[in-house]
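Take a look at the letters that make up each chain.
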Amino acid sequence: MLSGRRLDLLDPSPMDIEIEDIAHGLARVARWNGQTTGEHGFSVAQHSVVVEEICAHIQPDLDPRWRLAALLHDASEYVIGDMISPFKAALGYDYKLFEERLETAIHIRFGLPAKTPVAIKKLIKRADHACAYFEATQLAGFTVAESLEFFGAPPEGYELMIEPLAPSQAQIRYVQRYNVLSEAAGFARGGGDAAFGTE
């Protein structure tokens with residue numbers, strides 16, 4: 001990693017995981033394998049910030065630690081990239097186990113429970129699908145009907161106009177949001193109501 005950390009992919013240690021490495025990697029991993037319109041790809045880092053925001057729209061009183069979990073929901077992709085779900089399924093159980101080990105190490109590193117509660121996982125998945133709906137219709141050439149079929153309707157009252165950021169901007173925004181949420185969750189100094197604001 002650019003931080004100088006060496007991460008054992010088969011047995012990842014929480015002590016070898018840094019938020020700056022995650023942000024740097026995710027800002028350079030493009031959603032939709034880069035097959036989107038615009039000057040910049042839509043990065044996993046920017047996607048993650050939007051998913052956290054959508055979670056908060058759906059459940060405004062969501063505890064900051066679960067908002068942090070939403071921000072980190074794709075954090076393992078800083079190492080393994082963004083693979084589409086059918087390809088993950090084709091790779092089978094070993095890939096899933098590999099991904100779970102990395103996610104567990106990331107959660108432990110940043111003060112979250114090793115396993116996310118089922119209700120929170122469902123909320124994050126719903127927000128993830130909502131973000132994908134907007135990405136598909138605005139960036140990836142899907143019709144509204146196609147997006148509704150694949151991802152369902154976005155939550156009522158939530159609107160999003162996507163402007164893909166340059167990697168450096170996406171990286172900065174991801175780290176900034178991490179800092180706010182980590183402080184609000186009591187994992188770092190500071191805190192307060194900042195976590196309950198959105199972009």
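A brief report on the enclosed structure follows. Here the structure is a predicted model, which means the values were calculated and not measured.

A count of helical and extended segments in the protein chain gives nine helices and zero strands. Going from the N terminus to the C terminus, the protein chain shows its helices and strands as α-α-α-α-α-α-α-α-α. Counting every atom, the protein chain has about 10,300 Å² of accessible surface; 53% of that belongs to carbon and sulfur.

Looking now at the nonpolar core. Judged by nonpolar contacts, the single largest core of 51 residues is most densely connected at Ile 17, Ile 22, Cys 55, Leu 72, Ile 106, Phe 110 and Tyr 174. For this core, the secondary-structure elements that each account for two or more residues are α1 (19-26), α2 (44-58), α3 (64-71), α4 (77-80), α6 (93-109), α7 (118-138) and α9 (167-184). Counting residues per element, this core draws most heavily on α7, at eight residues. Those residues in contact with Tyr 174 that sit more than four places away from it in its chain are Ile 19, Ile 22, Ala 23, Leu 26, Ala 45, Ser 48, Val 49, Leu 71, Leu 72 and Ala 75.

The tally for this structure, following the rule as stated, stands at eight aromatic pairs. Measuring from centroid to centroid gives 6.0 Å for Phe 142 and Phe 150, while their planes differ by 70°, and the two rings are edge-to-face. On the basis of relative accessible area, Phe 142 is assigned to the partly exposed category, the value being 22%. Site record: aromatic cluster; members linked through ring pairs are Trp 32, Phe 142, Phe 150 and Phe 151.

The end-to-end C-alpha distance of α9 is 26 Å, a good match for the 26 Å that 18 residues give at a rise of 1.5 Å each. Turning to α9, its buried residues number three or more, namely Ala 170, Tyr 174, Val 175, Arg 177, Tyr 178, Leu 181 and Ser 182. Axial view of α9: buried residues confined to an arc of 165°, hence all on one face. Downstream of α9 by one or two residues, Gly 186 has phi in the positive range, about 85°.

With that settled, the discussion passes to the pattern of salt bridges. Applying the stated rule across the entire model yields six salt bridges. Across the pair Arg 109 and Glu 18 runs a salt bridge, and its minimum N-O distance is 3.3 Å. With Arg 109 in helix α6 and Glu 18 in the segment before α1, the pair connects residues that are 91 residues apart, well separated along the chain. On the basis of relative accessibility, which here comes to 14%, the residue Glu 18 falls in the buried class. With a closest N to O distance of 2.8 Å, Glu 52 and Arg 177 form a salt bridge. With Glu 52 in helix α2 and Arg 177 in helix α9, this residue pair connects regions lying 125 residues apart in the sequence. Residue classification places Glu 52 among the buried positions, given a relative accessible area of 2%.

With respect to the secondary-structure elements, Ser 76 resides in the loop between α3 and α4. In this structure, Ser 76 is in contact with Glu 99, Leu 102, Glu 103 and Ile 106, ignoring residues within four places of it in sequence.

Parameters at a glance
- Residues numbered from 1 in each chain as written.
- Predicted model: local features only at pLDDT ≥ 70, side-chain atom pairs only at ≥ 80, totals over all residues.
- Heavy atoms only, no water.
- Helix = DSSP H or I, 4+ residues; strand = E, 2+ residues; numbered from the N terminus.
- Areas by Shrake-Rupley, 256 points an atom, 1.4 Å probe, with all protein chains shown as cover.
- Core = buried A, V, L, I, M, F, W, Y, C linked by side-chain atoms within 4.5 Å.
- Buried < 20%, exposed > 50% of the residue type's maximum accessible area, 1.4 Å probe, protein only.
- Contact = heavy atoms within 4.5 Å.
- Phe/Tyr/Trp six-rings, centres within 6.5 Å; stacked < 30°, edge-to-face > 60°.
- Expected span 1.5 Å × (residues − 1).
- Arc of directions from axis to C-beta.
- Salt bridge = Lys/Arg side-chain N within 4 Å of Asp/Glu carboxyl O.

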